[in-house]
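Residues per chain, in single letters:
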Amino acid sequence: MKTLIKNIHLLAGILPAEKECLRGKEMADFKTIQQAWMLVEDGRFADYGTDTTCPADDTADLVVDAEGGSVLPSFCDSHTHIVYAGSREGEFVDKIRGLSYAEIAKRGGGILNSADRLHELSEDELYAQAMRRVNEIMRKGTGAVEIKSGYGLNTADEMKMLRVIRRIKQTAPLKVMSTFLGAHAVGRAYAGRQAEYVDLVVNEMIPMVGEQQLADFIDVFCDEGFFTPEETARILEAGAKYGMRPKIHGQELADSGGVEVAVRHDALSVDHLESMTERDIELFKTSTTMPTALPGTSFFLNMPFALGRKMIDAGLPMAIASDYNPGSTPSGDMKFAVSLACIKMKLLPQEALNAATINSAYAMGISREYGSVGKGKVANFYITEPIPSVDFIPYAYTMPIVRRIFLNGKEA
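Residues numbered from 1 in each chain as written. Predicted model: local features only at pLDDT ≥ 70, side-chain atom pairs only at ≥ 80, totals over all residues. Heavy atoms only, no water.

Draft legend 1. The arrangement of the overall build of the protein chain in detail. Each helix and strand counted, the protein chain has 15 helices and 16 strands in total. Its C-alpha atoms give the protein chain a radius of gyration of 21 Å, within 12% of the compact-globule value 22 Å for 412 residues. The principal-axis extents of the C-alpha atoms in the protein chain amount to approximately 70 × 45 × 45 Å. By residue count, 61% of the 412 residues in the protein chain fall in the buried class. A total of about 15700 Å² of accessible surface is found on the protein chain, and carbon and sulfur atoms cover 50% of it. Positive and negative charge centroids in the protein chain, built from 44 and 55 side chains respectively, lie 1 Å apart. (Helix = DSSP H or I, 4+ residues; strand = E, 2+ residues; numbered from the N terminus. Rg over C-alpha atoms; globule rule 2.2 N^0.38 Å. Buried < 20%, exposed > 50% of the residue type's maximum accessible area, 1.4 Å probe, protein only. Areas by Shrake-Rupley, 256 points an atom, 1.4 Å probe, with all protein chains shown as cover. Lys, Arg positive; Asp, Glu negative; His and termini not counted. Charge placed at Lys NZ, Arg CZ, Asp CG, Glu CD.)

Structure representation (structure tokens):
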């Protein structure tokens, strides 16, 4: 099946297929072709060029007129929690009244609140709620997503979440990667017995997840008030025995040592970084770990933003993800995350777009196949309304610009 897209104002996000991520000054180059066409064959990018070399319509099975819109690679969202039950707007009001994220958690809210609600839902109900969110982010231009467990906090409910994520993988047209996050918090049944909960994660949950091959990655909330670097290391080592590569929640609430333990265990990414330090930047320089900022979390919780400008100026790569979840970021809008990265973290539009596409794909281990327009890569892309430049995307920070969505080369 050959599909020709013609009358493209800007074809953007072009990279050689072998380029896995961008770092430092490279991130300012979001390569574009003006007045372009693109050919998709059997679900993959096949060719592209300027209008003067556009193939005839009869060389394709389907011709799509972009009508002066631009074509960009789909966003890749490498950190979400979109399998959850209900909502937590009551905590939103608590925050307005002055309570912090940590204070709400100590009162039994936060993650434990979501765990209570999830326990009551069947797998079918949980899947139906999650698919509404999956369809929402697809409509906003996301074509690859990582989904975490972590609202179960007991073996049965963590497995239930992971089975729902597997079902989404099997039924949704976008690319889905799964992460086991049993160490998101200590379950209510283990209050005051954190060491025993860690034993449960290591000795019962991880073997069960691994044997059923329900997760691509393993994650730990390594932060003040949650899990220590020593507990994190133990959990990561247990997951590695089943082929689950580490991804870390780190340096969100405090300078907790998350980056150090992540780099030591070859984590694919460290996500959050609101409390990162200059020392963390030096640690990242010695690793292949992707620093991943979640600007929506900083915005919603009124927290500091990760040191995005300093990371890029230091020559590091950087990814952006949404952190879509019911408590700290009830939004999966990657376009808005890109805008926040520009406005609050001082990234150039091109840097922010690369962070939200090729580098976020790297943070899921899929950048050889997703995250840019490159010959042979999976054809996940969207066509915009007519826009003057890619700078307009973060500038018009609430304007819907996605007109048509294509996943695996087919219109979704």
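Draft legend 2. Structural context of the packing of helix α4 (residues 123-139) against helix α5 (residues 155-171). Between α4 and α5, the least distance of the axes is 10 Å, while the angle of their chain directions is 50°. In terms of axis orientation, α4 runs oblique to α5. Both α4 and α5 take part in a crossing whose hand is right-handed. Counted together, Glu-123, Asp-124, Leu-126, Tyr-127, Ala-130, Met-131 and Val-134 of α4 and Lys-160, Met-161, Arg-163, Val-164, Arg-167, Ile-168 and Thr-171 of α5 form the full contact between these two elements. Looking at the contact of α4 with α5, its residues break down into eight nonpolar, one polar and five charged. (Axes fitted to C-alpha atoms, helices over the stretch in contact; angles between N-to-C directions. Parallel < 35°, antiparallel > 145°, perpendicular 65-115°, else oblique. Left-handed = near helix turned anticlockwise from the far one by under 90°. Contact = heavy atoms within 4.5 Å. Nonpolar A, V, L, I, M, F, W, Y, C, P; charged D, E, K, R; others polar.)

Draft legend 3. Molecular detail of empty space enclosed by the protein. Tallying each qualifying case throughout the model produces three cavities of 30 Å³ or more. Along its surface, the largest cavity is lined by 14 residues, and His-81, Tyr-101, His-184, Asn-325 and Ser-328 are the ones closest to its centre. Taken as a whole, the second largest cavity holds about 40 Å³ of empty space. Together, Ser-74, Cys-76, Gly-143, Ala-144, Tyr-370, Gly-371, Val-378 and Asn-380 line the second largest cavity. Class assignment for the residues of the lining of the second largest cavity results in four nonpolar, four polar and no charged. (1 Å grid on protein atoms, 1.4 Å probe; cavity = no way out; pocket = protein on both sides within 12 Å on 5 of 7 lines; lining within 4 Å. Points joined across faces, edges and corners; volume = space filled by probe spheres on them.)

Draft legend 4. Molecular detail of a nonpolar patch on the surface. On the surface, Phe-92, Val-93 and Ile-96 cluster together to form a nonpolar patch covering roughly 280 Å² of accessible area. Within the secondary structure, Ile-96 sits in helix α1 (residues 89-96). (Patch = residues over 30% accessible without salt bridge, like charges linked within 9 Å, V, L, I, M, F, W, Y side chains within 5 Å. Salt bridge = Lys/Arg side-chain N within 4 Å of Asp/Glu carboxyl O.)

Draft legend 5. Here's a closer look at the environment of Glu-158. Assignment of secondary structure puts Glu-158 in helix α5. The exposure class of Glu-158 is buried, given its relative accessible area of 1%. Non-local contacts of Glu-158, meaning those with residues more than four positions away in its chain, are made with Ser-149, Gly-150, Tyr-151, Gly-152, Leu-153, Phe-180, Leu-181, Gly-182 and Met-205. Engagement of the side chain of Glu-158 in a polar contact is seen with the backbone nitrogen of Gly-150, the distance being 3.2 Å. (Polar contact = N/O pair within 3.5 Å; in protein donor to acceptor, adjacent residues only side chain to side chain.)

Draft legend 6. Representation of the sheet that holds strand β12 (residues 290-293) within the structure. Read across the sheet, eight strands follow the order β6-β7-β8-β9-β10-β11-β12-β13 without closing on themselves; strand pairing throughout is parallel. Each end of this open sheet is capped by a strand with a single partner; those strands are β6 (75-80) and β13 (319-320). Pairing analysis gives two bridges linking β12 to β13, with the strands arranged parallel. Among the inter-strand pairings, Thr-292 is bridged to a residue of β13, identified as Ala-319. Docked against the sheet, helix α12 (residues 334-345) engages β6, β7 (142-148), β12 and β13, running at close to 85° with respect to β6. (Pairing = 2+ DSSP bridges.)

Draft legend 7. Quick peek at the nonpolar core. Residues Val-83, Ile-168, Leu-174, Phe-180, Ile-235 and Met-318 are the most contacted members of the largest nonpolar core, which totals 107 residues. Per-element accounting of this core gives the leading share, eight residues, to helix α6 (residues 194-211). Discounting residues that sit within four places of it in the chain, Leu-174 has contacts with Val-134, Ile-137, Met-138, Thr-142, Gly-143, Ala-144, Val-145 and Leu-407. In terms of nonpolar packing, the next biggest core, distinct from the first, is built from 17 residues, Ile-5, Leu-11, Val-40 and Phe-381 among them. (Core = buried A, V, L, I, M, F, W, Y, C linked by side-chain atoms within 4.5 Å.)

Draft legend 8. Representation of the pattern of salt bridges in the model. Using the criterion set out here, one finds 26 salt bridges in the structure. The shortest N-O distance in the salt bridge between Lys-148 and Asp-219 comes to 2.7 Å. Note that Lys-148 is positioned in strand β7 and Asp-219 in strand β9 (residues 217-222), a separation of 71 residues in sequence. In this structure, Lys-148 and Asp-219 share a single accessibility class: buried. One network of salt bridges, with partners in common, ties together Glu-67, Glu-385 and Arg-403.

Draft legend 9. Here's a closer look at unusual backbone geometry. Within the chain, Gln-251 stands out as a residue other than glycine whose phi angle is a positive 55°. The residue Gln-251 is located in the loop between β10 (245-250) and α8 (258-264) in this model. Exposure remark for Gln-251: the relative accessible area of 1% places this residue in the buried category. The phi angle at His-272 is positive, at roughly 105°, despite the residue not being glycine.

Draft legend 10. Quick peek at the pairing of strand β8 (residues 175-183). Among the nine residues that make up β8, eight are buried, leaving the element largely enclosed by the rest of the structure. Where β7 and β8 come together, five bridges link them in parallel fashion. What sits directly across from Lys-148, in β8, is Thr-179. Where β8 and β9 come together, three bridges link them in parallel fashion. Residue pairing for β9: Phe-180 is matched across the bridge by Ile-218. Regarding topology, α6 serves as the crossover connection from β8 to the parallel β9, and that connection is right-handed. (Right-handed = clockwise from strand over helix to strand, strands pointing away.)

Draft legend 11. Structural detail: the side chain of Ser-256. Along the chain, Ser-256 turns up in the loop between β10 and α8. The class for Ser-256 is buried, based on a relative accessible area of 16%. Setting aside residues no more than four positions away along its own chain, Ser-256 makes contact with Cys-222, Asp-223, Glu-224, Pro-229 and Gln-251.

All quantities given are derived from atomic positions and should not be read as evidence of function.
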